[in-house]
Amino acid sequence: MAINTGDVLSLLSTIRREIIGRKRCLWISLSVILVIVVITIPTAIVLTKKKEATTELSTITIPTTIDLTGKTEITIALPGKGMPQIRVLLNTGNDTFDEKLILFNGIDSIFITTADLNKDNNSDIIVANPGSLDISILFNTGNGGFTKQINYAIPGRSYFVVTADLNNDGSVDIITTCYEEHKIAVLYNSGNGAFEPYKVLYVDAAPFGIMAADINSDNNIDLIVLYHTVNEVHIILNDGGGIFSRQFIFATGTNPGFLAIADINKDDKLDIIVTNMESDNVGIFYNIENGIFAEQKLYSTDTYPSTIAIVDVNTDGQLDIIVVHSASIGILTVQLTMILDNIETCDSEQVKSKSPNQSKSLSTCFQKRRLMWVIIFIVVIILIIIIPIVIIKTKKSNVIQTSTTTEIKTQETTKTLNELTTEERILPKYKKWKQQGITVAGGNGDGDQLNQLGFPGTISIDENKTILIVDMNNRRIVEWKHGSNNSQIILGVYDRLFYPTDIAVDKEYNAVIIYDTGNRRIIRWFRENQTIQEILAFNPSVYLAIDKNGSIYICDYYANEVRRWKDGDKTRGTIVAGGNGYGTDLNQFRSPRCIFVDDDYSVYVSDWGNDRVMKWTLGATEGIAVAGWNNNGGNLDQLSNPEGVFVDQLGHIYVVDSNNHRVVRWCDGDIYGSVVVGGNGVGNGSNQLNSPARLSFDNEGNLYVVDQRNRRVQKFEISHD
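Residues numbered from 1 in each chain as written. Predicted model: local features only at pLDDT ≥ 70, side-chain atom pairs only at ≥ 80, totals over all residues. Heavy atoms only, no water.

(A) Broad picture of the UniProt feature "repeat: NHL" (unreviewed entry) in the protein chain. Here the UniProt-annotated "repeat: NHL" (unreviewed entry) positions come out as residues 633–664 and 688–719. Segment residues 633–664 splits into 0% helix and 44% strand. End C-alpha atoms: 13 Å apart. (UniProt positions renumbered as here; feature names shortened; annotations may be inferred. Helix = DSSP H or I, 4+ residues; strand = E, 2+ residues; numbered from the N terminus.)

(B) Highlighting a nonpolar patch on the surface. There is a patch of nonpolar side chains on the surface, built from Trp629, Ile671 and Tyr672 and spanning about 360 Å² of accessible area. One can find Tyr672 in the loop between strand S52 (662–666) and strand S53 (674–678). Look at Tyr672 and you get exposed, because its relative accessible area is 52%. (Patch = residues over 30% accessible without salt bridge, like charges linked within 9 Å, V, L, I, M, F, W, Y side chains within 5 Å. Areas by Shrake-Rupley, 256 points an atom, 1.4 Å probe, with all protein chains shown as cover. Salt bridge = Lys/Arg side-chain N within 4 Å of Asp/Glu carboxyl O. Buried < 20%, exposed > 50% of the residue type's maximum accessible area, 1.4 Å probe, protein only.)

(C) Focus on the environment of Leu639. In this fold, Leu639 is placed in the loop between strand S49 (624–627) and strand S50 (642–647). Judged by its relative accessible area of 0%, Leu639 falls in the buried class. In this structure, Leu639 is in contact with Asp611, Arg612, Val613, Ala627, Gly628, Asn631, Asn632, Gly633, Val655, Asp657, Asn660 and Trp666, ignoring residues within four places of it in sequence. (Contact = heavy atoms within 4.5 Å.)

(D) The pairing of strand S18 (residues 222–227), seen in detail. By the criterion of burial, S18 is predominantly enclosed, with 6 of the 6 residues buried. Here S18 shows a buried face lined by Asp222, Ile224 and Leu226 and a second buried face lined by Leu223, Val225 and Tyr227. Where strand S17 (residues 210–213) meets S18, 4 bridges bridge the pair, whose relative direction is antiparallel. Bridge pairing links Ala212 to Leu223 in S18. (Pairing = 2+ DSSP bridges.)

(E) The sheet that holds strand S33 (residues 438–442), seen in detail. Within the open sheet, the 4 strands sit side by side as S33-S56-S55-S54. Their pairing is antiparallel. Where the open sheet ends on each side, the last strands, each with one partner, are S33 and strand S54 (692–697). Averaged over neighbouring strand pairs, the angle between their axes works out to 25° when direction is ignored. By the bridge criterion, 5 bridges tie strand S55 (residues 703–707) to strand S56 (residues 712–716) in an arrangement that is antiparallel. By the bridge assignment for S56, Val705 is matched with Gln714. (Axes fitted to C-alpha atoms, helices over the stretch in contact; angles between N-to-C directions.)

(F) Looking closely at the pattern of salt bridges. Enumeration according to the criterion identifies 18 salt bridges in this entry. The salt bridge involving Asp567 is made with Arg524; its shortest N-O contact spans 3.3 Å. You can see Asp567 sitting in the loop between strand S44 (561–565) and strand S45 (574–578) and its partner Arg524 sitting in strand S40 (residues 521–526), a full 43 residues away along the chain. Classification of Arg524 by relative accessible area gives buried; the value is 1%.

Okay, here's the thing in structure tokens:
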């Protein structure tokens, strides 16, 4: 469904006249809002249709603006959905547009961008077609004419496309994210607009938004990728010639929705701006030097910020941020927050000025309120037409989730040597857990104070019920003693620890094995003498476990394999699970995460992208699916992005079912699992969880769950009933 041309022409003409009439601030703001609304709708659609590759995406398409005719006039181009055409509005330069329709064949075409692909100084059109799994190129012949489209296959459904010269050969390449297929792919330009078959740069967990920029000032174009399902932004560094071997991962807020790149603080270094939709804030990662970023600085917004635009709204030389707020995915209520003068809030009721000139500019920016409401009314009418179509095309069948209290027949005791050892399992005293959790760590919001956690990860609990926690966003490992209201930092940035993401407890050496993501290394930290030993260099991202003999197991998220490494090994270890590429077969993984090793050296892997838990016995060539049988979902025979996994002495498997906000137990041979705790909807109540990530047990059998998005650790006590 295309937006009515007459409405667009009328609005643009009005905006241009007001700019000429010195009402620049008002009209720049309003035009940006209109563009953001058009961009926000398909963004919301993509977020609501996760893993539904067969579902039709939407009738809304994303336009682009560019000078297509060489007359320095801005032209609007947008793909037409439901008809084989691209609609181009050619700017005549006198407040009017000539409409030009280009015959075009694309399925579900949703994203359009422009670049000079064949070095003729004309802007060509690139269109993403998720329905036909390809990208179309239409070359500009000059004066607004275009050649017949050329289609290039890509490895999945593409929703975002960027262009940049990745291999420094002077030609512009095309980079795209394939959300459902978990891939980033590139079409390399072989010269003059001819492209090689696609190459997969990275296989990762549902890449969404993508930007290309030289982030570390080495004259190589890097990639900045947003992963909203795991709350991360990844910086993939270009080593030169299009070789990408280094990656840095930064935790965002909850459910990041949109990504932008700009030099916000005018230090000649590009910063990263992200909307955190469920955290109700905008996060800015300031570039300190050569691509080294400070942890995100958060600025509160209104409810559900979705899309942003970076522009100098009040012409004071400072880049401002305009945010569109979505009350919910699928049903959008538009509000405006303008973050001015490097994030100083301005609205129609209150203006905080730094100077008289700024105050005057802001005053002008919010004049003519009646006309503004007319434009907002038009936008609302467009939304009223579009929203029912969006809902009909993206609505899923409701899945009935049953929350139950599950009987348990075993528990794990974590004992320690000098407060920390590897895990041992004993029989349980009780069979149930109370359903009301107790917050034993964090729970005081997102922050870096000693009573707060910033995106907690793996935990370990000793015989004194002291909890060791990987506090990822704060780049530290903390110890939370039983009954304490505050933690103690035992390892952090001052110990050259840069973004730890996982740990395993080493009984033999009274040490902790740590994966230090920022430094791309696995280290052993000796508790007694407080020293660090570097064990292995490993690219992000890996997860750790250790067996009863002290061998370290490394789950490589990107290589889709698990390796076993022993002290003295001169190699990267032996593959014990996976190693057969990215896929759904029993000998493959799709972005595996947490691992558990039992006393028989069987390896249990949470196969995150396949929504299952796999068991690999010692020496096996393929795994056995032991939990999660029926694809992604919320039924009791399903999992949705499983994370932490634990297996007791009787073979009962406990899984953190992250996207279903619950912990589930599977017995050997069961078709259906049963809910242990959670499963009462997403929330921060005592019986609720919000994207849990890990679990552990103390020596009394109490269950501890890392409630990640609530920034807390919940304890569920053994029930005596």
